[in-house]
Amino acid sequence: QTWTRNERYRSYDSYSADYLEALKKSVSRSHWRARFHIEAETGLLNDPNGFSYYNGKWHLFYQWFPFGAVHGLKSWVHLTSEDLVHFEKDDVLLLPDTTFDNAGAYSGSALPIDGKLFLMYTGNHRTKDWMRIPYQLGAFLNEKNELNKLEKPIIAPDFSEVTEHFRDPQIFRHDGCIYAIIGGQDLQEKGIIKLYKNENKDLRSWQKVDNLKFTSDRMGYMIECPNLVFIDEKPVLIFCPQGLDKTISAYDNIYPNMYIAAEHFDADSAELVNPSRLRNLDDGFDCYATQAFNAPDGRVLAISWLGLPDTNYATDAYGYQGALSLVKELSLKNGKLYQYPVEALKSLRQEEQDLNLSKVSLKENAYELEIDFAAQESTELTLMGGALLIKFDKESKKVTVIRGSEKRQVEVNIHQVNIFVDESIFEIFINKGEKVLSGRVFPDKDLKTISASRPTQVKLWNLGK
Ligand code: FRU
């Protein structure tokens, strides 16, 4: 089925209840639905938005097109959580219901300010001639879970500096001030990030500081979803430079999600001082638009879209697409970023099985597998009856993940491996997050085995809510 632009941007209320019912039925026929990852009820999920802690709970939103597995008129869906593992969806939606966001409530972030949760996001405005004007907009979520939008844009695009690509504000505090970074494209069609400051803390008047300085390389043709977080006081910039030249930093996916770590953030000059080179955030098949923030408990938390723009997935046939990753805690070791699922995820573990594994059959493809390579030789695992092959070679220090005809590989000393599998999702963490390889995989129905090329000592937990 191909969707015309008119179909993708029709108003939500032009879809009948019957249409939605039929779509829900169709989704329920999929045997790939995740058990402990976040997916949309129907339609397409993409970027995580507004990840924050407010009013005693974790808050998370995601980009959503409700009516099919395509990118159309987007809104934000709201979830809350007590533990970062179990998320509950409510009926709060940030809808594309004003002139300024008439063609989509696009990505953004959240920050608790004066007893409310302030949301800053991009209104994807389209004129009658379908010209795009990206406005940065504001909204408040209050303690009663009521959402109210600010009436006017808080930052309008300056077309003498950016093209129509100017979006995905991340709002953050630094040295007692409130800042925002916004991704975009300059008039030479290069990827840039712009830094803004809210001097008087009214959240309505923003001063442009400068373009963020963090590299001398050309950052592709556009940057999406920039995030600046501070880990042990060191700035780490996570972003998606579309069209990045692969000689600057190699990647295999259609669009990369990268990071740099720096010594120091000089807000006055908009500079990340002494930046590292760009590195891939995730070396797997599907990871994009990662959103991270400094949580009030001191942790730095991140969550990713396990999906890519301009990509089809097997679930499309059932009328849905996209999932979010597990919530990952970020840390720095010797200047390298580590990412590992939050401790609370262990609450999903059922009885521990210690196996000298050749082959096991499972009831569900929902488990965690741990291998300690101190005592284990090189080995190869076949998951989901052959849908995924993972090779661990200690001598050449290579981990290779093979999904059908595609492959991803990293070089790393292999000490410990934790693999999380959830029906059509895998997240592989090497050495507690020194390297991460995530992706989607769509095994035929009833392929629920794990086998090893040689007896392999593993710990196995079925995971369930
Ligand atoms: C990234 C992105 C963002 C945009 C959003 C729209 O995947 O293209 O730049 O705000 O998705 O859904």
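Residues numbered from 1 in each chain as written. Predicted model: local features only at pLDDT ≥ 70, side-chain atom pairs only at ≥ 80, totals over all residues. Heavy atoms only, no water.

**Q** Would you take a moment to explain the confidence of the model for the chain for this structure?
**A** Low pLDDT means the predicted coordinates in that region are not meant to be read closely. Here the chain averages 97 in pLDDT, and 100% of its residues register 70 or above. No element of the chain has a lower mean pLDDT than helix α1 (residues 5–9), which averages 96, and none a higher one than strand β20 (residues 300–305), which averages 99. (pLDDT = per-residue confidence, 0-100. Helix = DSSP H or I, 4+ residues; strand = E, 2+ residues; numbered from the N terminus.)

**Q** Sorry, what's going on with the domain arrangement of the chain here?
**A** You'll often see interface size given as the accessible area lost when the parts meet. Considered domain by domain, the chain is made up of domain 1 (5–341) and domain 2 (349–463). Using only C-alpha atoms to locate each centre, domain 1 and domain 2 end up separated by 30 Å. Contacts between domain 1 and domain 2 engage 30 residues on the former and 34 residues on the latter. The interface formed by domain 1 and domain 2 includes five salt bridges. A salt bridge links K336 to E434; the shortest N-O distance between them is 2.9 Å. (Domains from an automatic or database assignment. Contact = heavy atoms within 4.5 Å. Salt bridge = Lys/Arg side-chain N within 4 Å of Asp/Glu carboxyl O.)

**Q** In this structure, what is going on with the packing of aromatic side chains? I would like to understand it.
**A** Geometrically, a pair of aromatic rings is defined through the distance of the ring centres and the angle of the planes. Tallied over the entire structure, the rule returns 30 aromatic pairs. Here F118 and F140 contribute two aromatic rings whose centre-to-centre distance is 5.1 Å and whose plane-to-plane angle is 55°, an arrangement assigned as tilted. With F118 in strand β6 (residues 116–126) and F140 in strand β7 (residues 132–141), this pair connects stretches of sequence that are 22 residues apart. When sorted by exposure, F118 lands in the same class as F140, which is buried. Pairwise contacts between aromatic rings join W3, Y12, Y15, Y19, F65 and F67 into one cluster. Lying over the aromatic face of Y320, R33 brings its terminal NZ or CZ to 4.5 Å of the ring centre. (Phe/Tyr/Trp six-rings, centres within 6.5 Å; stacked < 30°, edge-to-face > 60°. Buried < 20%, exposed > 50% of the residue type's maximum accessible area, 1.4 Å probe, protein only. Lys NZ or Arg CZ within 6 Å of the ring centre and 35° of its normal.)

**Q** Would you explain the nonpolar core in this entry?
**A** The nonpolar side chains of a soluble globular protein tend to be buried, and buried together. One finds I38, F51, L60, Y62, L84, L301 and V327 to be the most contacted residues of the largest nonpolar core, which totals 39 residues. Elements with a minimum of two residues in this core: β1 (43–54), β2 (57–65), β3 (75–81), β19 (288–294), β20 and β33 (449–463). Considering each element in turn, this core owes the most residues, four residues, to β2. Three or more residues apiece are contributed to this core by two domains, here domain 1 (5–341) and domain 2 (349–463). The next biggest cluster of nonpolar side chains, apart from the first, holds 33 residues, and it includes I371, V421, V441 and I450. (Core = buried A, V, L, I, M, F, W, Y, C linked by side-chain atoms within 4.5 Å.)

**Q** Just checking my understanding: could you explain the pairing of strand β10 (residues 177–186) for this structure?
**A** Put simply, side chains in a regular strand alternate between the two faces of the sheet. Most of β10 is tucked away: nine of the ten residues are buried. Sheet analysis places strand β9 (residues 162–174) next to β10, joined by eight bridges and oriented antiparallel. Among the inter-strand pairings, R173 is bridged to a residue of β10, identified as I178. Hairpin connection between β9 and β10: a loop of two residues separates the two successive antiparallel strands, and D175 in this loop has a positive phi of roughly 50°. Between β10 and strand β11 (residues 191–197), which follow one another and run antiparallel, lie four residues, and E189 among them has a positive phi close to 60°. (Pairing = 2+ DSSP bridges.)

**Q** Can you help me understand the site of the ligand in this one?
**A** What surrounds the ligand is the set N46, D47, Q63, K74, Y106, S107, R167, D168, E224, Y288 and W305. Here an oxygen atom of the ligand and a side-chain polar atom of N46 are 3.0 Å apart. In this structure, an oxygen atom belonging to the ligand sits 2.7 Å away from a side-chain N or O atom of R167. About the coverage of the ligand: the protein hides 92% of its 320 Å² of free accessible area. (Near = heavy atom within 4 Å. Polar contact = N/O pair within 3.5 Å; in protein donor to acceptor, adjacent residues only side chain to side chain. Areas by Shrake-Rupley, 256 points an atom, 1.4 Å probe, with all protein chains shown as cover.)

**Q** Quick question: what am I supposed to make of the pairing of strand β30 (residues 416–422) here?
**A** Summarising burial for β30: six of the seven residues are buried, a large majority. In this sheet, β30 lies alongside strand β25 (residues 366–372) in antiparallel orientation, the contact comprising seven bridges. Each bridged residue has a counterpart across the sheet, and for Y367 the counterpart in β30 is V421. Note: β30 against strand β31 (residues 425–430), five bridges, orientation antiparallel. Each residue of the ladder has a partner; that of N418, found in β31, is F429. Turn length for the β30-β31 hairpin, with the two strands adjacent in sequence and antiparallel, is two residues, and the turn residue E423 shows positive phi of about 60°.

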